[in-house]
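# Coordinate inspection notes
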Number of protein chains: 2
Amino acid sequence: MAPMTRWLDADEQRTWRNFVAATQHVYGALDRQLQRDAGMPHTYYMILVTLSETPGRRMRMSELAGRAQCSQSRLSHAVARLEERGWVRREPCPDDRRGSFAVLTEAGFDALAAAAPGHVEEVRRSLFDVLSPEQVRALNEICAAVRNTLER
Amino acid sequence: MAPMTRWLDADEQRTWRNFVAATQHVYGALDRQLQRDAGMPHTYYMILVTLSETPGRRMRMSELAGRAQCSQSRLSHAVARLEERGWVRREPCPDDRRGSFAVLTEAGFDALAAAAPGHVEEVRRSLFDVLSPEQVRALNEICAAVRNTLER
DNA sequence: GCCAAGTATATGAGCGTTCAACTAAAATGG
DNA sequence: CCATTTTAGTTGAACGCTCATATACTTGGC
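Summary of the structure given here. (Residues numbered from 1 in each chain as written. Chains lettered and ligands numbered in written order. Predicted model: local features only at pLDDT ≥ 70, side-chain atom pairs only at ≥ 80, totals over all residues. Heavy atoms only, no water.)

## Observations concerning the protein's contact with DNA strand D
As a structural note, the neighbourhood of DNA strand D is formed by 24 residues, with A:Ser62, A:Arg90, A:Arg98, B:Thr43 and B:Ser73 the closest of them. Counting only atoms of DNA strand D within 4 Å of the protein, the fraction found in sugar and phosphate groups is 69%. Taking A:Arg60, its side chain carries an N or O atom lying 3.1 Å from a phosphate oxygen of DNA strand D. With respect to DNA strand D, the side chain of B:His77 contributes an N or O atom lying 3.2 Å from a base oxygen. Among the elements of the structure, α3 (61-67) and α4 (72-84) of chain A together with α2 (42-52) and α4 (72-84) of chain B are those that each provide at least two residues to the surface near DNA strand D. Here the residues of the surface near DNA strand D are counted per class, giving three nonpolar, eleven polar and ten charged. (Near = heavy atom within 4 Å. Polar contact = N/O pair within 3.5 Å; in protein donor to acceptor, adjacent residues only side chain to side chain. Helix = DSSP H or I, 4+ residues; strand = E, 2+ residues; numbered from the N terminus. Nonpolar A, V, L, I, M, F, W, Y, C, P; charged D, E, K, R; others polar.)

## Concerning the sheet that holds strand β3 (residues 100-104) of chain B
Across a sheet, strands are paired by hydrogen bonds formed along the backbone, either parallel or antiparallel in direction. Residue and element names in this part refer to chain B. Reading across from one edge, β1-β3-β2 is the order of the three strands in this open sheet, with antiparallel pairing throughout. Two strands bound the open sheet, and with one partner strand each, they are β1 (58-60) and β2 (88-92). Averaged over neighbouring strand pairs, the angle between their axes works out to 30° when direction is ignored. Pairing of β1 with β3, which is carried by three bridges, proceeds in the antiparallel orientation. Bridge pairing in β3 places methionine 59 opposite alanine 102. Across the sheet, α2 lies against β1, β2 and β3, angled at about 95° from β3, the strand it touches most. (Pairing = 2+ DSSP bridges. Axes fitted to C-alpha atoms, helices over the stretch in contact; angles between N-to-C directions. Contact = heavy atoms within 4.5 Å.)

## Details of α4(A)
For α4(A), spanning 13 residues, the distance from its first C-alpha to its last is 18 Å, which sits close to the expected 18 Å at 1.5 Å a residue. Just downstream of α4(A) lies A:Gly86, where phi reads positive at about 80°. (Expected span 1.5 Å × (residues − 1).)

## Regarding the packing of α2(B) against helix α5 (residues 106-126) of chain B
All names here are of chain B. Put simply, α2 and α5 touch, their axes get as near as 10 Å, and they point 115° apart. Judged by the sense of rotation from one axis to the other, the crossing of α2 with α5 is left-handed. Residues His42, Tyr45, Leu48, Val49 and Ser52 of α2 form the contact with α5, whose participating residues are Gly108, Phe109, Leu112, Ala115, Ala116 and His119. In terms of residue class, the contact of α2 with α5 is made up of seven nonpolar, four polar and no charged. (Left-handed = near helix turned anticlockwise from the far one by under 90°.)

## Quick word on the packing of aromatic side chains
In this structure the tally under the stated criterion is four aromatic pairs over all chains. The interplanar angle of 20° and the centroid separation of 5.5 Å between the aromatic rings of B:Trp16 and B:Phe19 together place this pair among those described as stacked. You can see B:Trp16 and its partner B:Phe19 sitting in helix α1 (residues 10-38), three residues apart, about one turn around the helix. Grouping aromatic residues by their ring pairs yields a cluster made of A:Trp16, A:Phe19 and B:Tyr27. (Phe/Tyr/Trp six-rings, centres within 6.5 Å; stacked < 30°, edge-to-face > 60°.)

## Some words on unusual backbone geometry
Positioned with a positive phi, A:Arg57 is a non-glycine residue whose angle comes to about 50°. Turning to its location among the elements, A:Arg57 is positioned in the loop between α2 (42-52) and β1 (58-60). Positive phi outside glycine occurs at B:Gln69, with the angle close to 50°. Counting through the fold element by element, B:Gln69 comes out in the loop between α3 (61-67) and α4.

## Quick notes on the environment of A:Trp87
Residues and elements named next belong to chain A. On the secondary structure map, tryptophan 87 appears in the loop between α4 and β2 (88-92). Tryptophan 87 gets classed as buried once you look at its relative accessible area, which sits at 14%. As a C-alpha pair, tryptophan 87 and glycine 118 span 31 residues in sequence and 19 Å in three-dimensional space. Excluding anything up to four places from it in sequence, tryptophan 87 contacts Ala38, Met40, Leu48, Leu82, Val103, Leu104, Thr105, Ala107, Gly108 and Ala111. (Buried < 20%, exposed > 50% of the residue type's maximum accessible area, 1.4 Å probe, protein only.)

## Focus: the protein's contact with DNA strand C
The environment of DNA strand C is formed by 23 residues, the closest being A:Thr43, A:Ser73, B:Ser62, B:Gln72 and B:Arg90. B:Ser76 places a polar side-chain atom, nitrogen or oxygen, 2.9 Å from a phosphate oxygen of DNA strand C. Split into classes, the residues belonging to the surface near DNA strand C amount to two nonpolar, eleven polar and ten charged.

In structure tokens:
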């Protein structure tokens, strides 16, 4: 198959390990904060945010999955849980009877509003506060480059 | 508590969302590759690598947890699974009878050796190949900065 | 030496995620 | 129109992770 592995050199290895450590640190801090203070994982937060930003606070499941960056299955399970909490409800789609909308409820919006300040603080604390403005710019371009890989 | 939230401005929000998308993309690709081709999650891979690099291929559980960046509980569960597969075994620590060593077996080393090329290829494909050398350098510094946050 | 406090690790329940079916409804195209 | 393929979404089992708790040993004061 692969004729010869392009191993990582010492610098690349250091970079990769720093990447793993850094990202896990950020996500760890984030998840702990959200779970502790708002009782939800980051995935749920992203789903609620995505819904809250769309007109009518409603979105088709598949589009929601795309925008909130999660698989359809994950979304389906997540929305089921969010429904149990009364934060989201499903509505059938009139145009396409296979489809359904996820709709953010008032209670869901309130839960999001309550969670947001702590979450944003944590994002700052764990990421932006430790970087210089140039680093933030560089990070943005790096992430955009990585992100574009899949969107082609 | 927090008197006034330091919300993210438009640029920061874009950066944050790119960060989430990019990191999830990288980890997603990585986990899928490892699971598909080597039947293990990234956590297990890191544990095996860490053990393989230490003299005697053995390490105390708590040190292993630190170096492989995972919680003690996670490590304990993971090592239990790795033991079932015959990739790692536990040995009691003579100096401290509470403690134990995790030891990489031959089979474990072989499994790691078989998994490594595909994994490294995937790391390149999803991260290094899409970045310029300058971006890689910048990423390293950014991640080092984030990482140092907790090690103080 | 003894008791309290701390340390090293294990364990189990609960939960989220993945993967592989599965259902049902649209689109496609003869 | 009917048959095939595609698309939208759900479901359940398997599994890893987190959190709280438990166990067993060690250490530090007295």
